[in-house]
Amino acid sequence: MRVISVRENPEYKDDAIEYISSKWPSVSRVIYEDSIVHSLKTTRPLPQWYLLEKESEIIGCAGLITNDFISRMDLYPWLCALFIEEEQRGNEYSSLLMEKAKTDSKNMGFDNLYLSTEHIGFYEKYGFRYIGQGYHPWGESSRIYQIEL
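Residues numbered from 1 in each chain as written. Predicted model: local features only at pLDDT ≥ 70, side-chain atom pairs only at ≥ 80, totals over all residues. Heavy atoms only, no water.

Sorry, what's going on with the environment of glycine 139 here?
Relative to the helices and strands, glycine 139 is located in the loop between β6 (129-135) and β7 (141-148). A C-alpha to C-alpha distance of 36 Å links glycine 139 and glutamate 8, two positions 131 residues apart in sequence. (Helix = DSSP H or I, 4+ residues; strand = E, 2+ residues; numbered from the N terminus.)

See the structure below:
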């Protein structure tokens, strides 16, 4: 099992673009492509993109970004695009991606990590706590969670 930082392993850029955009088809592929490509060119700490590999197969992904299409632009960084293949769920593999994002965020000097979701009960198991609602440009709202690093 291996968490791959795309920034540290740029040879995974195309795999990351393809995999992440395929898991979030409601978001235009160009959004992920542009973000991932430019994450490799910047000296700024964000964004970061991660893949989870098991036995040479990508089974999950996540991102660490400045804003997750949500109104609380005063909060960052955000864990986003966390996904584990359905047949791999129930093994706590998502915790590997969350731990990498938490470690990287702390090493960047951040005190907290945030995420927005409608999943109630999942992230609480990993220490995230609900702090309020946030609003998306398309008119929906999501729960905002925070974890201290």
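Before we go on, may I ask you to explain a negative patch on the surface in this structure?
On the surface, Glu55, Glu57, Glu86 and Glu87 cluster together to form a negatively charged patch. Within the secondary structure, glutamate 55 is located in the loop between β2 (48-54) and β3 (57-65). (Patch = residues over 30% accessible without salt bridge, like charges linked within 9 Å, V, L, I, M, F, W, Y side chains within 5 Å. Areas by Shrake-Rupley, 256 points an atom, 1.4 Å probe, with all protein chains shown as cover. Salt bridge = Lys/Arg side-chain N within 4 Å of Asp/Glu carboxyl O. Lys, Arg positive; Asp, Glu negative; His and termini not counted. Charge placed at Lys NZ, Arg CZ, Asp CG, Glu CD.)

What's the story with a nonpolar patch on the surface in this structure? I'm lost.
Together, Val30, Ile31, Phe69 and Trp138 line one region of the surface with nonpolar side chains, adding up to about 400 Å² of accessible area. Looking at the secondary structure, you find phenylalanine 69 in the loop between β3 and β4 (78-84). Judged by relative accessible area, which is 37%, phenylalanine 69 ranks as partly exposed. (Buried < 20%, exposed > 50% of the residue type's maximum accessible area, 1.4 Å probe, protein only.)

Which parts of the structure should I look at to understand helix α1 (residues 13-23)?
Structurally, the α-helix is built with 3.6 residues per turn, so residues lying three or four positions apart point the same way. Among the residues making up α1, those that are buried are Ala16, Ile17, Tyr19, Ile20 and Ser21. On its buried face, α1 is in contact with α2 (29-39), β2, β3 and β4. (Contact = heavy atoms within 4.5 Å.)

Is there a simple way to think about the side chain of serine 39 in this case?
Within the element layout of this structure, serine 39 appears in helix α2. Polar side-chain contacts of serine 39 include one of 2.7 Å to the backbone oxygen of isoleucine 36. Dropping the residues within four chain positions of it, serine 39 is found in contact with Arg7, Pro47 and Trp49. (Polar contact = N/O pair within 3.5 Å; in protein donor to acceptor, adjacent residues only side chain to side chain.)

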